[in-house]
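Analysis of the macromolecular model
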Amino acid sequence: MTHSHAHRHHHHHTEAAQPTLSLLRMSALTRLAGAGAVLVLLWIAVLSVLD
């Protein structure tokens, strides 16, 4: 009963994950920019009411 390892385990490097990571990073930055813009608009509204 010989056990031949015909199928080798190919260790895939993170080459396939890099585009998705960069896309996630871009969307996270986009979300942060959107949240920052909303916060700025809210502060402008608050300051205009206080004046």
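Above this text is the structure in question.
The rules behind these values
- Residues numbered from 1 in each chain as written.
- Predicted model: local features only at pLDDT ≥ 70, side-chain atom pairs only at ≥ 80, totals over all residues.
- Heavy atoms only, no water.
- Helix = DSSP H or I, 4+ residues; strand = E, 2+ residues; numbered from the N terminus.
- Buried < 20%, exposed > 50% of the residue type's maximum accessible area, 1.4 Å probe, protein only.
- Areas by Shrake-Rupley, 256 points an atom, 1.4 Å probe, with all protein chains shown as cover.
- Patch = residues over 30% accessible without salt bridge, like charges linked within 9 Å, V, L, I, M, F, W, Y side chains within 5 Å.
- Salt bridge = Lys/Arg side-chain N within 4 Å of Asp/Glu carboxyl O.

1. Concerning the overall build of the protein chain
Helix and strand counts for the protein chain stand at one helix and zero strands. Looking at the protein chain residue by residue over its 51 residues, the buried ones come to 0%. About 5,400 Å² of surface is accessible on the protein chain, with carbon and sulfur atoms providing 70% of the total.

2. Things to note about a nonpolar patch on the surface
A surface patch of nonpolar side chains, about 730 Å² in accessible area, is lined by V38, L39, L42, W43, V46, L47 and L50. The residue V46 is located in helix α1 (residues 17-50) in this model. The class for V46 is partly exposed, based on a relative accessible area of 40%.

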